[in-house]
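# Structural overview
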Number of protein chains: 2
Amino acid sequence: MTETLRVALAERAYPIHIGTGLIDEPAHYRPHLSGGRAAIVTDQTVAPLYLARVRRAIEASGAQTIEIVIEPGEAAKRWAILDQVIDRLLAARCDRQSLVVALGGGVVGDLAGFAAAVYQRGVPYLQVPTTLLAQVDSSVGGKTAINHARGKNMVGAFHQPQAVIADVGTLATLSVRELRAGLAEVIKHGVALDAPFFSWLEANVERLLGCEPEALTYAVRRSCELKAAIVAADERESGPRALLNLGHTFGHAIEAGMGYGEWLHGEAVAAGMVMAAELSARAGMIGAGEVRRVRELVARAGLPTEGPALAPERYLELMAVDKKVSRGSIRFVVLEAIGQAAVRGELREELVRQTLIACTTSATAARPSPCSSGP
Amino acid sequence: MTETLRVALAERAYPIHIGTGLIDEPAHYRPHLSGGRAAIVTDQTVAPLYLARVRRAIEASGAQTIEIVIEPGEAAKRWAILDQVIDRLLAARCDRQSLVVALGGGVVGDLAGFAAAVYQRGVPYLQVPTTLLAQVDSSVGGKTAINHARGKNMVGAFHQPQAVIADVGTLATLSVRELRAGLAEVIKHGVALDAPFFSWLEANVERLLGCEPEALTYAVRRSCELKAAIVAADERESGPRALLNLGHTFGHAIEAGMGYGEWLHGEAVAAGMVMAAELSARAGMIGAGEVRRVRELVARAGLPTEGPALAPERYLELMAVDKKVSRGSIRFVVLEAIGQAAVRGELREELVRQTLIACTTSATAARPSPCSSGP
């Protein structure tokens, strides 16, 4: 069973294929191989699992392949690795018709997507996400980037893929910790955009944690649908797309403050989402019951519900350099209800400070680190 | 006197202002300063000449400015310098509404434009070109890039400026060699696209070399018009825009083969243009008379009419890695007449080889280097 969504953009539309066994099907690659050459970019974790299968499917379409295997982990999103990819593309004489195939999680997608965005001022690429996080989040919307010492994703481009091939079969090789981190973004789509989907998640979160294929397929499809609708309305992130950043202002501060890689992105977003709900309640937009529902679902997914014990001043400093700063004041994505997020620019700093104090682990409290919520 | 052209693109249009004294006029910056902050990127050569004037004009519009002064020369188009610019933008808390102002020649325009393209996935920028080359070429069309060890402009983006402010008054501080290099691109527009403009250049090239403002203004305006019309029809360089690459396949090989900076870009394009005319004649498309007209105008402009003494095999190797390679065969921009360029993909390599032998300096010949054609 393959489901196909279309993301409709001004310039062009692209399909998202969701199902099992898709990475082996030449038909999903063939329409994009008119250049006769494909560079498969993946990392050392994913290569032994899926690289040969993808290569076989592409070569069955008559195209030549080159393989570019990068180091795993968020630290790979830096210039030196990007330059390695560019260098290999040039050495293999890839031209403007050559296809880049990003095979892996969000790091590979962001890095290989950015390489495709800037190689010879832009070449076509496919996203083949192999983590739940990448399937529901980073492969939809065309956001690509590398990190900078001063902040995450500070150098990047909007570059839409030709297609996304989301094979939920590849999720079987994820660690429980990574599966949970991906669930954070799934939950985010419910919290921010769709109350019925949030209720479905409340009823089915254990099926997702148990890796049931039908449940995963539905969750990925609904998440992609919700995100695709937003992206189609706002490709350049000037308006409603900001709603997808629910939890991300706090979350990026957690990631930057702890050093990238210490907390997984999804773990940081999970805690950030609870903090955003708490902030919304303190601003009088939602009640304590809504905050509790968010916190409980996050907890049932095995995700952290509190930020780490950084000083509030440090959080505020880290949030100020975040991209979502507009003319000096921090904009927050808040909740007006479950399933109804909104952007607010005029929140009093005092409310943010109270939220930080209420929603971070006190330095002396005994509390499991996010790492210990893994298997 | 200010003339304003509009480049009409699918997404949006932007104006090109051409005249004298424009860099001092706040009115040209004000519409683009709603973000309240402008980062002026320039180099150590241009900074003492024009930075204070541009800063004053921007601050007269009520915006804050930061100044980012980079090293001069083509070698600045590398990642380390781009990262310096990004770092300064982050340190100054520039956000997505901040304006980047590229003040200088083509190197500053390419580098600062690429920084604007990728900083936080894209911020607005102005081109304020201060060389003839940049005014007629690199500031129109949105091409931005840095170089790679394996080739020029291999990492970049299409990113359109908010506006171009082309102050021909700034051309008074150019060296004669740079003025001549800029003339190469002006001549190219006539050769490739507009026979009457080519004839006007034959009648007026000495006025341009003498820096007469009216002649310069006309030449810049007509060049920008010709280029803007092409770019508007083909923003992504898939079709007619390739015609603007007349002389560039040979030219890039000259630049790369000699080491970037040895030949100026315009000098390489000038020789490359004569080579393209020669190739066209050998392919039977134009006669010897047309080749002679191109060669003579290039010579009268004080520009080289031959490539350096590299082996033909080396030229072919360098040309094969050029971006204009499509599926393994080298595409050339050739002439069907003066003012009428065309793209051909099926030229026999033997004709290219003969052209290289006919149009490069023999290693033993005594011939002035392009450097000695300066004052």
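Residues numbered from 1 in each chain as written. Chains lettered and ligands numbered in written order. Predicted model: local features only at pLDDT ≥ 70, side-chain atom pairs only at ≥ 80, totals over all residues.

## Things to note about the overall build of chain A
- Tallying secondary structure elements over chain A gives 13 helices and 13 strands in all.
- The globule rule puts the C-alpha radius of gyration for 375 residues at 21 Å, and the 20 Å found for chain A is close to it.
- Projected onto its principal axes, the C-alpha positions of chain A cover 60 × 40 × 40 Å.
- Every one of the 375 residues in chain A was classed for burial, and the buried ones make up 53%.
- Considering only residue pairs separated by 6 or more positions, chain A has 75% of its internal contacts joining residues 24 or more positions apart. (Helix = DSSP H or I, 4+ residues; strand = E, 2+ residues; numbered from the N terminus. Rg over C-alpha atoms; globule rule 2.2 N^0.38 Å. Buried ≥ 20, exposed ≤ 12 C-beta atoms within 10 Å, placed from the backbone. Contact = placed C-beta atoms within 7 Å.)

## Points about the nonpolar core
- If you look at the biggest cluster of nonpolar residues, it comprises 239 residues, and the most contacted ones within it are Val41, Val101 and Ala115 of chain A together with Val41, Val101 and Ala115 of chain B.
- Here Ala115 of chain B is in contact with Val41, Leu82, Val85, Ile86 and Val100 of chain B, once residues within four sequence places are set aside. (Core = buried A, V, L, I, M, F, W, Y, C linked by C-beta atoms within 7 Å.)

## Focus on the relation of the copies chain B and chain A
- In screw terms, the move from chain B to chain A is a rotation of 180 degrees and a rise of 0.0 Å along the axis, fitting with an RMSD of 0.0 Å. On the angle and the small slide along the axis, the relation comes out as a two-fold axis. Looking at the rotation axis and the C-alpha trace of chain B, the residue lying nearest is Trp79 of chain B, at 3.9 Å.
- A high fraction, 100%, of the interface residues of chain B reappear at the interface in chain A, so the copies pair face to face through one surface. (Least-squares fit on C-alpha atoms with pLDDT ≥ 70 in both.)

## Let's talk about the sheet that holds strand S5 (residues 99–104) of chain A
Residue and element names in this part refer to chain A.
- With mixed pairing, 7 strands are arranged side by side in an open sheet as S1-S2-S9-S6-S5-S3-S4. Lying at the two open borders of the sheet, with one neighbouring strand each, are strand S1 (2–8) and strand S4 (64–70). Neighbouring strand axes in the sheet, compared pairwise and without regard to direction, differ in orientation by 15 degrees on average.
- Across 7 bridges, the pairing between strand S3 (residues 37–43) and S4 is parallel. Bridging from a neighbouring strand, Ala38 pairs with Thr65 of S4.
- Sitting on the sheet, helix H4 (residues 106–118) is in contact with S3, S4, S5 and strand S6 (125–129), with an inclination near 170 degrees to S5.
- Along the sheet, helix H8 (residues 213–233) makes contact with S1, strand S2 (13–19) and strand S9 (163–167), crossing S1 at roughly 15 degrees. (Pairing = 2+ DSSP bridges. Axes fitted to C-alpha atoms, helices over the stretch in contact; angles between N-to-C directions.)

## Some remarks on helix H13 (residues 349–358) of chain B
Residues and elements named next belong to chain B.
- Within the sequence span of H13, burial applies to Val352, Thr355 and Leu356. Down the axis of H13, the buried side of the element spans an arc of 100 degrees, and every buried residue falls inside it. Residues of H13 that are exposed and angled more than 90 degrees away from the buried face: Glu350 and Ile357.
- Residues of H13 that are buried in the fold lie against helix H10 (265–282) and helix H12 (312–320). (Arc of directions from axis to C-beta.)

## Notes on the interface of chain B and chain A
- The interface of chain B with chain A comprises 31 residues on the first partner and 31 residues on the second.
- Of all the elements, strand S8 (residues 151–158) of chain B adds the most residues to the side of chain B that touches chain A, at 6 residues.
- Here the side of chain B that touches chain A is composed, by residue class, of 13 nonpolar, 8 polar and 10 charged. (Nonpolar A, V, L, I, M, F, W, Y, C, P; charged D, E, K, R; others polar.)

## Digging into the domain arrangement of chain A
All names here are of chain A.
- Domain assignment breaks chain A into domain 1 (2–173) and domain 2 (179–373).
- Relative to domain 2, the C-alpha centre of domain 1 lies at a distance of 26 Å.
- Facing 31 residues of domain 1, the contacting portion of domain 2 comprises 30 residues.
- Put simply, the parts of the chain that give the side of domain 1 that touches domain 2 at least two residues each are S1, S2, helix H5 (132–138) and strand S8 (151–158).
- The dominant element in the side of domain 1 that touches domain 2, judged by the number of residues it contributes, is H5, at 5 residues.
- A per-class count over the side of domain 1 that touches domain 2 returns 17 nonpolar, 9 polar and 5 charged. (Domains from an automatic or database assignment.)

## Side note on the pairing of strand S7 (residues 143–148) of chain A
Residues and elements named next belong to chain A.
- In terms of residue burial, S7 counts as a mostly covered element, since 6 of its 6 residues are buried.
- When S7 meets S8, the two strands line up antiparallel, connected through 5 bridges. For Ile146, the partnering residue across the bridge sits in S8 and is Val155.

## Comments concerning the packing of helix H7 (residues 195–209) of chain A against H8 of chain A
Residues and elements named next belong to chain A.
- Between H7 and H8, the least distance of the axes is 10 Å, while the angle of their chain directions is 145 degrees. When you trace H7 past H8, the crossing you get is left-handed. Contacts from Phe197, Asn204, Arg207 and Leu208 in H7 reach Ala215, Leu216, Ala219 and Arg222 in H8.
- Residues of the contact of H7 with H8, tallied by class, amount to 5 nonpolar, 1 polar and 2 charged. (Left-handed = near helix turned anticlockwise from the far one by under 90°.)

## Some points on the sheet that holds strand S9 (residues 163–167) of chain B
All names here are of chain B.
- Pairing in this open sheet of 7 strands is mixed, and the strands run S1-S2-S9-S6-S5-S3-S4 from one edge to the other. Each edge of the open sheet carries a strand with a single partner, namely strand S1 (2–8) and strand S4 (64–70). Between one strand axis and the next, the sheet turns by 15 degrees as a mean value, whatever way the strands run.
- Taken together, the 5 bridges between strand S5 (residues 99–104) and strand S6 (residues 125–129) define a ladder with parallel strand orientation. Bridge assignment links Ala102 to a residue of S6, and that residue is Gln127.
- Of the strands in this sheet, strand S3 (37–43), S4, S5 and S6 touch helix H2 (residues 47–59), which is tilted by about 170 degrees from S3.
- Strands in contact with helix H3 (residues 79–91) are S3 and S4; relative to S4, the strand with the most contacts, it is inclined by about 160 degrees.

## Points about unusual backbone geometry
All names here are of chain A.
- We note that Arg93 has phi near 55 degrees; this positive angle belongs to a residue other than glycine.
- The topology assignment puts Arg93 in the loop between helix H3 (79–91) and S5.
- Among the residues examined, Arg93 registers 14 C-beta atoms within 10 Å and is labelled partly exposed.

## Let's talk about the environment of Arg348 of chain B
- In this fold, Arg348 of chain B is placed in the loop between strand S13 (340–344) and H13.
- C-alpha of Arg348 of chain B to C-alpha of Ile330 of chain B: the two residues are 18 residues apart in sequence and 9.6 Å apart in space.

## Focus: the packing of helix H6 (residues 176–193) of chain A against helix H10 (residues 265–282) of chain A
Residue and element names in this part refer to chain A.
- Two elements in contact, H6 and H10, have axes separated by 7 Å at closest approach and are oriented at 35 degrees. With respect to the hand of their crossing, H6 and H10 are arranged in left-handed fashion. Facing Ala181, Gly182, Ala184, Glu185, Lys188 and Val191 of H6, the residues of H10 in contact are His265, Gly266, Glu267, Val269, Ala270 and Met273.

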